[in-house]
Amino acid sequence: MNNKDAIKTIEKSGTKISKERLLNVIRQSTARDFSYATDPSSGLSIIVIKLS
């Protein structure tokens, strides 16, 4: 699965998170860095955040 396919799958799932909730999850994470992949044609990115 490439980045474009992953973005389409996420958008089709209808799962969303509010900006406030996302920022809280990032603040609570013990990670110092996060992996991400960007689709240059759409400008969208996928960010990986371990929740627990």
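Computed from a prediction, not measured in an experiment: that's the story for all the values here.

Colleague: Describe the overall build of the protein chain, with residues and values.
Modeller: Looking only at helices and strands, one finds two helices and two strands in the protein chain. Mapped in sequence order, the helices and strands of the protein chain form the string α-α-β-β. Judged by the C-alpha coordinates and their principal axes, the protein chain covers about 30 × 20 × 20 Å. A buried classification covers 12% of the 52 residues belonging to the protein chain.

Colleague: How would you explain the side chain of Ser29 if you had to name every residue and give the values?
Modeller: The topology assignment puts Ser29 in the loop between α2 (19-28) and β1 (35-39). What Ser29 contacts, discounting residues up to four positions off in sequence, is Phe34 and Lys50.

Colleague: Just give me the short version of the environment of Asp5, but keep the residues and values in it.
Modeller: Positionally, Asp5 belongs in helix α1 (residues 3-13). A residue is classified by how much of its surface remains accessible, and Asp5, at 36% relative accessible area, is partly exposed. In this structure, the C-alpha to C-alpha distance between Asp5 and Asp39, residues 34 residues apart in sequence, is 9.7 Å.

Colleague: How would you explain a nonpolar patch on the surface if you had to name every residue and give the values?
Modeller: On the surface, Ile17, Leu22, Leu23 and Ile26 cluster together to form a nonpolar patch covering roughly 300 Å² of accessible area. Its place among the elements puts Ile26 in helix α2. Of the residues examined, Ile26 reaches a relative accessible area of 33% and is grouped as partly exposed.

What counts as what
- Within every chain, residues take consecutive numbers counted from 1 along the sequence as written.
- With pLDDT at 70 or above as the cut-off, local features in this predicted model cover only qualifying residues; side-chain atom pairs require 80 or more to be listed or tallied, and sums for whole chains, interfaces and linings still use all residues.
- Here the side-chain values reflect all heavy atoms present in the structure, with hydrogen atoms and water set aside.
- Starting at the N terminus, helices and strands are each numbered in turn, a helix being any DSSP run of H or I of at least four residues and a strand any DSSP run of E of at least two.
- Summary of the burial criterion: residues with accessible area below 20% of their type's maximum are buried, those above 50% are exposed, and those between are partly exposed, where the area comes from a 1.4 Å probe applied to protein chains only.
- For this analysis, residues touch if any pair of their heavy atoms sits within 4.5 Å.
- A residue counts toward a patch only above 30% relative accessible area and without a salt bridge, and it is joined to like-charged neighbours within 9 Å or, for Val, Leu, Ile, Met, Phe, Trp and Tyr, to nonpolar neighbours within 5 Å.
- Each accessible area is a Shrake-Rupley result for a 1.4 Å probe, and residues are judged covered by the shown protein chains and nothing else.
- Whenever Lys or Arg places a side-chain nitrogen within 4 Å of a carboxyl oxygen from Asp or Glu, that contact is recorded as a salt bridge.

By themselves, these are just geometric observations and shouldn't be taken as functional.
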